[in-house]
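Structural features, examined
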Amino acid sequence: MVPVSANLPDVAFGSTKKPLITPNNFCTIFNLVVPPSAPGDTCTLEFLFPDYEKTSSPYLYQGGGHFTFTGYAFGSGATEETTYNHQPPPGPSPPHPPAVLRPGNAYIVNVGGCGAEPPNSLEVSGMLCSPDTAFSYSQTEGDELGCPIGFFVAIS
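A brief look at the structure comes next. Owing to the predicted nature of the structure, the values given are computational and were not obtained by experimental measurement. (Residues numbered from 1 in each chain as written. Predicted model: local features only at pLDDT ≥ 70, side-chain atom pairs only at ≥ 80, totals over all residues. Heavy atoms only, no water.)

1. Structural notes on the overall build of the protein chain
Counting its secondary structure elements, the protein chain contains zero helices and ten strands. Scanning the protein chain from its N terminus toward the C terminus, one meets helices and strands in the order β-β-β-β-β-β-β-β-β-β. Scaling as 2.2 N^0.38, a compact globule of 156 residues should have a C-alpha radius of gyration of about 15 Å, and the protein chain matches this with 15 Å. Taking the principal axes of its C-alpha atoms as reference, the protein chain extends roughly 40 × 35 × 25 Å. In the protein chain, which comprises 156 residues, the share counted as buried stands at 41%. Nonlocal contacts in the protein chain, meaning residues at least 24 apart in sequence, comprise 76% of its contacts between residues at least 6 apart. Here the protein chain has roughly 7800 Å² of accessible surface; of this, 57% comes from carbon and sulfur atoms. On the protein chain, the mean spot of the 4 positive side-chain charges and the mean spot of the 13 negative ones are 11 Å from each other. (Helix = DSSP H or I, 4+ residues; strand = E, 2+ residues; numbered from the N terminus. Rg over C-alpha atoms; globule rule 2.2 N^0.38 Å. Buried < 20%, exposed > 50% of the residue type's maximum accessible area, 1.4 Å probe, protein only. Contact = heavy atoms within 4.5 Å. Areas by Shrake-Rupley, 256 points an atom, 1.4 Å probe, with all protein chains shown as cover. Lys, Arg positive; Asp, Glu negative; His and termini not counted. Charge placed at Lys NZ, Arg CZ, Asp CG, Glu CD.)

Structure follows, in structure tokens:
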């Protein structure tokens, strides 16, 4: 995960485990690796957003809850040098992402073919921004106590 800032468009903030989204300024680019899968498998990009008391990963969430998702070209994720003015090349964006994210919900951001045939994996990346919400959390791995929070890829 790499934060970028519209107000500091040429500053590289490096990678983080705590994404930062602020109204019309900070966005975070997420890089996710889709493991090799069988042809025909379906990948579902999910955002899991539990109620505050149900996760072991505290978060800050303040505002209207409106978010935007921007997709990047496959295999071209953000690096330590990524800035707002130097983002990965554009790619497919989710056609119908959730416009509002609120605690206590799980959201499907996109569904499609996995596209990663053995032995190769596939990196997918996208940026989360907001016009009206401050949001920061610690991305979990899914094996902690309590409900996980963050972006995950489910393969079925």
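2. Describing the state of the cysteines
As enumerated under the stated definition, the model contains two disulfides in all. Paired by a disulfide, Cys27 and Cys129 hold their sulfur atoms 2.1 Å apart. The S-S bond linking Cys27 to Cys129 shows a torsion near 115°; that makes this disulfide right-handed. Of the two residues, Cys27 is situated in strand E3 (residues 26-34) and Cys129 in strand E8 (residues 122-129); the sequence distance between them amounts to 102 residues. Cys27 sits in the buried class, given a relative accessible area of 5%. What connects to what in the protein chain, once the bonded cysteines are numbered by sequence position, is 1-4, 2-3. (Disulfide = S-S within 2.5 Å.)

3. Brief notes about the packing of aromatic side chains
Under the definition given, this model contains 15 aromatic pairs. For the ring pair Phe49 and Phe135, a centre distance of 4.9 Å and an interplane angle of 45° mean the geometry is tilted. Taken together, the residues Phe49 in strand E4 (residues 42-49) and Phe135 in strand E9 (residues 133-137) connect sequence positions 86 residues apart. Judged by relative accessible area, Phe49 falls into the buried class, the value being 0%. Grouped by ring-pair contacts, the aromatic residues Phe30, Phe47, Phe49, Tyr52, Tyr59, Tyr61, Phe67, Phe69, Phe135, Tyr137 and Phe151 constitute a single cluster. (Phe/Tyr/Trp six-rings, centres within 6.5 Å; stacked < 30°, edge-to-face > 60°.)

4. Looking at the side chain of Thr28
Here Thr28 shows up in strand E3. A polar atom in the side chain of Thr28 sits 2.8 Å from the backbone oxygen of Leu20. (Polar contact = N/O pair within 3.5 Å; in protein donor to acceptor, adjacent residues only side chain to side chain.)

5. Quick look at the sheet that holds E9
The three strands are arranged E2-E9-E5 in an open sheet whose pairing can be described as antiparallel. Taken across any chain shown, the strands that pair with only one partner, and hence form the sheet edges, are strand E2 (20-21) and strand E5 (59-63). Where E2 meets E9, two bridges bridge the pair, whose relative direction is antiparallel. Bridged to Leu20 within E9 is Ser136. (Pairing = 2+ DSSP bridges.)

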